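# Examination of the molecular architecture
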Amino acid sequence: MDISDLIIDEEFESVIPPLSDDEFKLLEESILQEGEVYHPLVVWNNIIVDGHHRYKILKEHPEIKYRISEKSFDDRLEVISWICLSHPFSNTPSNSNEV
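First things first, this report covers the structure right here in the doc. (Residues numbered from 1 in each chain as written. Predicted model: local features only at pLDDT ≥ 70, side-chain atom pairs only at ≥ 80, totals over all residues. Heavy atoms only, no water.)

### Digging into the sheet that holds strand β1 (residues 41–44)
Note the threshold: A strand pair is defined by DSSP finding two or more bridges across the two strands. A run of DSSP states H or I qualifies as a helix once it reaches four residues; a run of E qualifies as a strand once it reaches two. Both are numbered from the N-terminal end. To obtain an axis, a line is fitted to C-alpha atoms, over the contacting stretch when the element is a helix, and the angle between two such axes runs from 0 to 180 degrees between their N-to-C directions. For this analysis, residues touch if any pair of their heavy atoms sits within 4.5 Å.
As summarised here, the arrangement of the three strands in space is β2-β1-β3, forming an open sheet in which the pairing is mixed. Of all the strands in the sheet, the pair left with one neighbour each is β2 (47–50) and β3 (68–70). Across the sheet, the mean angle from the axis of one strand to that of its neighbour is 40°, orientation sign disregarded. In the sheet, β1 pairs with β3 via three bridges, with the strands oriented parallel. Residue pairing for β3: valine 42 is matched across the bridge by serine 69. Docked against the sheet, helix α3 (residues 52–60) engages β1 and β2, running at close to 125° with respect to β2. Across the sheet, helix α4 (residues 76–86) touches β1 and β2, and the angle it forms with β2 is around 35°.

The following block contains the structure:
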């Protein structure tokens, strides 16, 4: 699977806390320095489940090595549950002041 085949799902992306501009810049600098992305992009049916920030960096720097890990989920709810368990500070009502 090629990176150009991947799709960003806004709902999945919104569950993952965004990086500040400084955090994104540090991630990008680290990836560029290493010359590869060590943590694979996690996808389900070509939809990015985890790795949205890394994906954006890879789109700007196609020379960087990366891996893709395809996961199998039964439905979108299972994907969101996996994201929340993988990101303990995800943007869910239980982790915000909206409760």
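That shown, we press on.
### Digging into the layout of surface pockets
A water-sized probe rolled over the atoms picks out the places where empty space is left. As a reminder of what qualifies: Buried and open spaces are told apart on a 1 Å grid over the protein atoms alone, a cavity being a set of points where a 1.4 Å probe fits but cannot get out and a pocket being an open set with protein on both sides within 12 Å along at least five of seven lines. Residues with an atom within 4 Å of a point are the lining residues. Grid points are joined across faces, edges and corners, and a volume is the space filled by probe spheres set on the points. For this classification, Asp, Glu, Lys and Arg are treated as charged, while Ala, Val, Leu, Ile, Met, Phe, Trp, Tyr, Cys and Pro are nonpolar and the rest, including Gly, are polar.
Empty space within the largest pocket amounts to approximately 300 Å³. Elements with a contribution of two residues or more to the lining of the largest pocket: α2 (21–34) and α3. If one sorts the elements of the lining of the largest pocket by residue count, α2 sits on top with four residues. Classifying every residue of the lining of the largest pocket gives eight nonpolar, six polar and four charged.

### Re the packing of α2 against α3
Note the following rule: The scheme is simple: roughly parallel for angles under 35 degrees, roughly antiparallel for over 145, roughly perpendicular for 65 to 115, oblique for anything else. Note on convention: the crossing is left-handed when the near helix lies turned anticlockwise from the far helix by less than a right angle, right-handed when the turn is clockwise.
Here α2 crosses α3 at 60°, and the two axes come no closer than 10 Å. Taken together, α2 and α3 sit at an angle that is classed as oblique. Relative to α3, α2 is oriented so that their crossing is right-handed. Along its contact with α2, which presents Phe24, Leu27, Glu28 and Ile31, the element α3 presents His53, Arg54, Lys56 and Ile57. Looking at the contact of α2 with α3 residue by residue, the class counts come to four nonpolar, one polar and three charged.

### Structural notes on the side chain of aspartate 50
Here is the rule we go by: Per-residue accessibility, obtained with a 1.4 Å probe over protein chains only, is compared with the maximum for each type, and a residue is labelled buried under 20%, exposed over 50%, and partly exposed between these values.
Residue position: aspartate 50 is located in strand β2. Note on aspartate 50: relative accessible area 14%, which makes it buried. Here aspartate 50 is in contact with Ile16, Pro40, Leu41, Val42, Trp82 and His87, once residues within four sequence places are set aside.

### With respect to α2
Heads up, the rule is: Here, expected helix span is obtained from the residue count minus one, scaled by 1.5 Å.
Compared with the 20 Å implied by 1.5 Å per residue over 14 residues, the 20 Å span of α2 between its first and last C-alpha is a close match. Where α2 terminates, the next one or two residues include glycine 35, which has phi positive at roughly 80°.

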